[in-house]
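The chain contents come next:
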Amino acid sequence: MQLKTSAMALLRRFALLLALLIVFNTPCKVAALEEDIAEEGYSKSTATETSSNVTTITTLPIVIWKWHHVETPYLVALWILTCWLCKLVCELNHSFTSVIPESGLLIMMGFILGGIVWGADKAQTFKLIPVNFFYYLLPQIVLDASYCMPNKLFFSNLGAILVHAIIGTCWNAGTVGVALWACYEWGAMGTLNIGPLQFLLFGALMSAVDPVAVIAVFEEVHVNEVLYILVFGESLLNDGVTVVLYNVFDAFVSLGGPKINAEEIIKGIISFFVVAFGGSFLGVVFAILISMLTRVTKNVQVIEAGFIIVLGYLSYLTAEMLSLSAILSITFCGVCCQKYVNANMDEKSVTTLRYSLKVLANGSETMIFVFLGVSAIDKNIWVWNTGFILLTILFIIVFRFMGVFFLNWLLNMNRLIPIDITDQIVMSYGGLRGAVAYGLAATLDEAKIPEKNLMLGTTLIVVYFTVVLQGITMKPFVQWLKVKKATISDLTLNGKINNRTFEHTLTAMEDICGRMGDNWWTRHWKNFEDKYVCWLLMKSNARKHNDNIFGAFHKLNLEDAKNYVTVGERKGSLAFIRNDDNASVDFKKKLALEYANGMPDMSDMSEYDFGIDNVPVTSGMKNQIPSVSLDIHEQDSKRMPDLNAHHLLEQHLYKSRSNNRPTYSRSHYKESENPDEMQEIFQRTMRSRLESFKSAKMGVKPSKKISKHPKKDSTHKPNGKPADPNRIYPYGDEDFEFSADSASSSEIAGNFRRRSTNAPAAGVENPAFIPEMDTSAPMRNPPWQTETAINTAVAPSQRAQGRLPWTPTNLRSACSTDSIAMANASADDEAPEEKPGKHNTRL
Amino acid sequence: MGSRASSLLREEDIEEIKKETGFSHSQITRLYSRFHSLDKGENGALSREDFQRIPELAINPLGDRIINAFFPEGEDQVNFRGFMRTLAHFRPVEDNEKNKVLTPGEPLNSRTNKLLFAFRLYDLDRDDKISRDELLQVLRMMVGVNISDEQLGSIADRTIQEADTNGDMCISFNEFTKVLEKVDVEQKMSIRFLH
């Protein structure tokens, strides 16, 4: 709760910062605002900059104000920052974004920003220009969407998606264009200088459906996956188809009405298919290239993820160069390479790729929406024509509904599970128009289309109308219609295995019935893929472990390991290693085994540490196949215990004051003072003083050990040893044996003791260890003291010692395997007793 | 061939099968012709060998299990009625069926029956429990050779652990239903029969 409020406070501060920034930004922008942000800023500014440089040098300047030098990149960066801060502001309050979709809010923020710019400049100096949109903002969005596309779902519904994307889009474009033209002829919009072809062109650009707002709603409401993939897939492919269609109509417009004959129309249709399928094919080719490339990038893991982004972008540009559909190209590139890339690359790189794509895509999305708002503040584009605008809105909605219903009716005749009526309504209603439509409208050539501004303005209005209004109503609508929700199923092995069983059963049934159904195709593709595609595109070891069931097993185990460790750490130092109830994995056995096998030269503490640290790390550390059998963990752990111990130590050792001085590091900056830490140390010290005071009263002499503690090398040990037999161990012979053990194996002990000088500290400093520390007196010795404490400490409070037989002190003295086993045993015995003590101290 | 086969089928048989399985008339005649073409012995019943002759089943990892599912316990012949009864498990659940009751009791394509079919694929000894060994056998059939026996063993352990609620280290049918609660069995265990 407190965390939340503090986070909120932080966000408020950010909002303030943003306000300041906007205020501060504007004069900056104003200063530079002769040029458009992207169009020609750079060349101009460099020109002015060089000229000014030449003239002003009279004496050696110490600092020069070189605004023009950095102007363009600086403005771009500032705008990116501003847009992202807008997103931050939008997300401040979740109750707000749950009513109005984020995209709508961003557009509104764009209005405000545009207003500020307008107020400062009295002209629209910044707007979204198509070149930037299509080359720098759109590709990563499409790549991200296609790369993160649920593959299996997409391909199993590919037919329906293609029907909607191709036929549906053509239908929308054609009908909207024709209907508008008919209304124009009928006289509904007064006199306009628009011919039928231009209307068709307008219809084409209006058919681009934008998924962002809808998908956000769908994800929030968890609509069923078929509906999700239909809308998502359709809108993704639809963008590509729209652009193709737009280009075809654009060519017709340039050709001019009279020259168009049957031949040209046929050519147009052919070009549509060539461009669309050619683009898709190119995408697949690039997907193959990427997959093959990732087979060999093992040695440059750092930039591995970058390859996919760059090659994806290249597939976009190549398609553009060949005048094929760029969007379709990058879409299919992402969808097809996904599986093989994920299998080939290291897990870390996959995560990196995913996140960087998300950053890029979300960033551009934000910018696009903000700029859609900013672009509105422009006097030139607002040519009002009520009839045209209202009819456009009416037609796009009506024809969308008609198209979706008709196509679904066709599809349902052949679907195993028909798309039901509520889903169809939502699909139709989800046809929001977005940035692609605007981008295309802005590309219109004013020479060919005299009413460009009217079209642009109308497009903007349609975008606002659909994104804001339909976006807001979408969620209540979905809830009101009671759209079938997705069943959120956890990953279970049973589910995975049975899915597989079901698949096999279904194909068998189809074979028995003697028909080639959907499962026939799936199965044959799978066979083909296993035989040839995987062989070509996957690394051999990735191929080996490319098993679904095993993958699920792997993931589940990793999750378990993480939970196990978290729970263990919460419970206290070493409790979780012996605690067998909360993990289904038999770590305990494995660890015990490891102890038994020895590594006698290794300090116990470091072993424990790896127990804590190693498990979550392995998934990332190991460069092996993603197999989770614990054996592999084990092998790994053998390599790494030391490393982990040190790592843990470094993290948790209290910093001494001298270390607290701020360090200047490029990568990170350590907080100099940790108030909690101070508090902790203080409390501990006070408690230990109190304890030693008590024990002094009881007649034991803690002073003895204090006097000894400065000697810390192992030569001191023999001195301590004679004392041992004399000491009384009231809590039984177990502990006696501990010390006997440590005595007998003093050579080994000497070995590990050196390491253990810092090892106990791990126990002391790790917050998880603190509860035990507090209950047992000897534990409270500072790190440098513990060594002597082992031999000489008198156990002032037997109860405490008895209660925690597995505390690091004991284990430290026990280097032979027997004693570990015993510590185990005693731990089990004492476990119930241990709990209340811990509880108390934690409170 | 098809017409001859359908002529062998009496109308009243069709009516009864229709009632029992919910298939349409044309589906039944279509499937009958398939049945007939599988029936190499021409004796109006299929034997295991008849099924095994289907080439695709030979490469289906669960092929033999599925063939077995067609045969009632102890028998090695299945007539058209039984054949249809098994296939009926895979008929998709249609919306209008939810309202009208065709047969008393649960229709063959209900969720429970679909699950029961899958369950029987594992349960070799028909003791209504999937033991670890039974599960291992099926897993071994379905996964490649890349996975070692130990790994497979731990997968099986884990799978049982996931489903097992009463701690007997077996999966009973109730547990099986429970663990697949969220899986859209109706959809995943249905195929499209031509009308």
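Residues numbered from 1 in each chain as written. Chains lettered and ligands numbered in written order. Predicted model: local features only at pLDDT ≥ 70, side-chain atom pairs only at ≥ 80, totals over all residues. Heavy atoms only, no water.

Draft legend 1. Spatial organisation of the overall build of chain A. A tally of helices and strands in chain A yields 40 helices and 0 strands. Evaluated residue by residue, chain A yields a buried proportion of 53% over its 843 residues. Relative to all contacts within chain A whose residues are 6 or more apart in sequence, the contacts with residues 24 or more apart total 79%. Total accessible area computed for chain A in this model is approximately 39,600 Å², and 63% of it derives from carbon and sulfur atoms. (Helix = DSSP H or I, 4+ residues; strand = E, 2+ residues; numbered from the N terminus. Buried < 20%, exposed > 50% of the residue type's maximum accessible area, 1.4 Å probe, protein only. Contact = heavy atoms within 4.5 Å. Areas by Shrake-Rupley, 256 points an atom, 1.4 Å probe, with all protein chains shown as cover.)

Draft legend 2. Broad picture of the overall build of chain B. In terms of helices and strands, chain B carries 12 helices and 4 strands. Within the span of chain B, comprising 195 residues, buried residues form 47% of the whole. Of all intrachain contacts in chain B linking residues separated by at least 6 positions in sequence, the fraction that spans at least 24 positions is 58%. Total accessible area on chain B stands at roughly 9,700 Å², and carbon and sulfur atoms take up 49% of it.

Draft legend 3. Highlighting the packing of helix α5 (residues 102-121) of chain A against helix α15 (residues 347-376) of chain A. All names here are of chain A. Following both chains from N to C, one finds α5 and α15 inclined at 45°, their axes separated by 6 Å at the closest point. In this view, α5 runs oblique relative to α15, as classed from their interaxial angle. Handedness of the crossing formed by α5 with α15: right-handed. Where α5 abuts α15, its residues S103, L106, I107, G110, F111, L113 and G114 lie against T366, F369, V370, L372, G373, V374 and A376. The class makeup of the residues in the contact of α5 with α15 is 9 nonpolar, 5 polar and no charged. (Axes fitted to C-alpha atoms, helices over the stretch in contact; angles between N-to-C directions. Parallel < 35°, antiparallel > 145°, perpendicular 65-115°, else oblique. Left-handed = near helix turned anticlockwise from the far one by under 90°. Nonpolar A, V, L, I, M, F, W, Y, C, P; charged D, E, K, R; others polar.)

Draft legend 4. Quick look at the interface of chain A and chain B. Each partner contributes to the interface: chain A provides 46 residues, whereas chain B provides 50 residues. Buried surface at the junction of chain A and chain B, both sides included, amounts to about 4,400 Å², of which 65% is carbon and sulfur. At the junction of chain A and chain B, the tally comes to 0 salt bridges. On inspection of chain A and its partner chain B, the count reaches 1 residue pair in polar contact (both at pLDDT 80 or more). Of all the elements in the fold, those that place two or more residues in the side of chain A that touches chain B are α20 (493-513), α21 (518-537) and α23 (548-571) of chain A. For the side of chain A that touches chain B, the element with the highest residue contribution is α20(A), accounting for 19 residues. Of the residues assigned to the side of chain A that touches chain B, the class counts are 16 nonpolar, 19 polar and 11 charged. (Buried area = accessible area lost by both parts, 1.4 Å probe. Salt bridge = Lys/Arg side-chain N within 4 Å of Asp/Glu carboxyl O. Polar contact = N/O pair within 3.5 Å; in protein donor to acceptor, adjacent residues only side chain to side chain.)

Draft legend 5. Region of the structure containing the pattern of salt bridges. Residue and element names in this part refer to chain A. Under the criterion given, the structure shown has 10 salt bridges over all chains. When the shortest N-O distance is used, the salt bridge between D144 and K358 registers 3.2 Å. Taken together, the positions of D144 in helix α6 (residues 130-147) and K358 in helix α15 put the pair 214 residues apart, joining distant regions of the chain. A residue is classified by how much of its surface remains accessible, and D144, at 9% relative accessible area, is buried. With a shortest N-O distance of 3.2 Å, E503 and K152 are connected by a salt bridge. Here K152 lies in helix α7 (residues 151-156) and E503 lies in helix α20, a separation of 351 residues in the sequence.

Draft legend 6. View of the nonpolar core. Membership of the largest hydrophobic core comes to 147 residues, with the highest contact counts inside it found for A:F133, A:L180, A:M189, A:F218, A:L372 and A:F388. Looking at this core element by element, the count peaks at 18 residues for helix α11 (residues 225-255) of chain A. Excluding anything up to four places from it in sequence, A:F133 contacts A:L128, A:L138, A:P139, A:I368, A:A435, A:V436 and A:G439. The next biggest cluster of nonpolar side chains, apart from the first, holds 66 residues, and it includes B:Y32, B:L38, B:L87 and B:I160. (Core = buried A, V, L, I, M, F, W, Y, C linked by side-chain atoms within 4.5 Å.)

Draft legend 7. Structural context of the side chain of A:Q338. All names here are of chain A. Relative to the assigned elements, Q338 resides in helix α14 (residues 326-344). Among the residues examined, Q338 registers a relative accessible area of 10% and is labelled buried. A distance of 3.5 Å separates a polar side-chain atom of Q338 from the backbone oxygen of Y147. Engagement of the side chain of Q338 in a polar contact is seen with the backbone oxygen of M149, the distance being 3.1 Å. Residue contacts for Q338: discarding those within four places in its chain leaves S146, Y147, M149 and N151.

Draft legend 8. Focus on the packing of aromatic side chains. All names here are of chain B. All chains considered together, the criterion is met by 32 aromatic pairs over all chains. Judged by centre distance (5.1 Å) and plane angle (55°), the ring pair of F35 and F83 falls under tilted. Here the residue F35 occupies a position in helix α3 (residues 25-38), and F83 occupies one in helix α7 (residues 80-88), the gap between them amounting to 48 residues. Each member of the pair F35 and F83 is classed as buried. Ring centres of F90 and F117 lie 5.0 Å apart, and the angle between their planes is 85°; on these two criteria the pair is classed as edge-to-face. Taken as a pair, F90 in the loop between α7 and α8 (111-122) and F117 in helix α8 lie far apart in primary sequence, 27 residues in all. Both residues of the pair, F90 and F117, belong to the buried class. Here the aromatic cluster, defined as three or more aromatic residues joined through ring pairs, consists of Y32, F35, F51, F70, F71, F80 and F83. (Phe/Tyr/Trp six-rings, centres within 6.5 Å; stacked < 30°, edge-to-face > 60°.)

Draft legend 9. Quick peek at the side chain of B:S172. Residues and elements named next belong to chain B. Looking at the secondary structure, you find S172 in strand β4 (residues 171-172). The exposure class assigned to S172 is buried, which follows from its relative accessible area of 16%. The contacts of S172, once residues within four sequence positions are left out, are F119, D128 and K129.

Draft legend 10. Main features of a nonpolar patch on the surface. All names here are of chain A. Nonpolar side chains collect at one region of the surface, where W171, L394, V398 and M402 lie side by side and expose about 330 Å² of accessible area between them. It is helix α16 (residues 386-412) that provides the largest number of residues to the nonpolar patch, a total of 3 residues. If you trace the backbone, V398 turns up in helix α16. The class for V398 is partly exposed, based on a relative accessible area of 34%. (Patch = residues over 30% accessible without salt bridge, like charges linked within 9 Å, V, L, I, M, F, W, Y side chains within 5 Å.)

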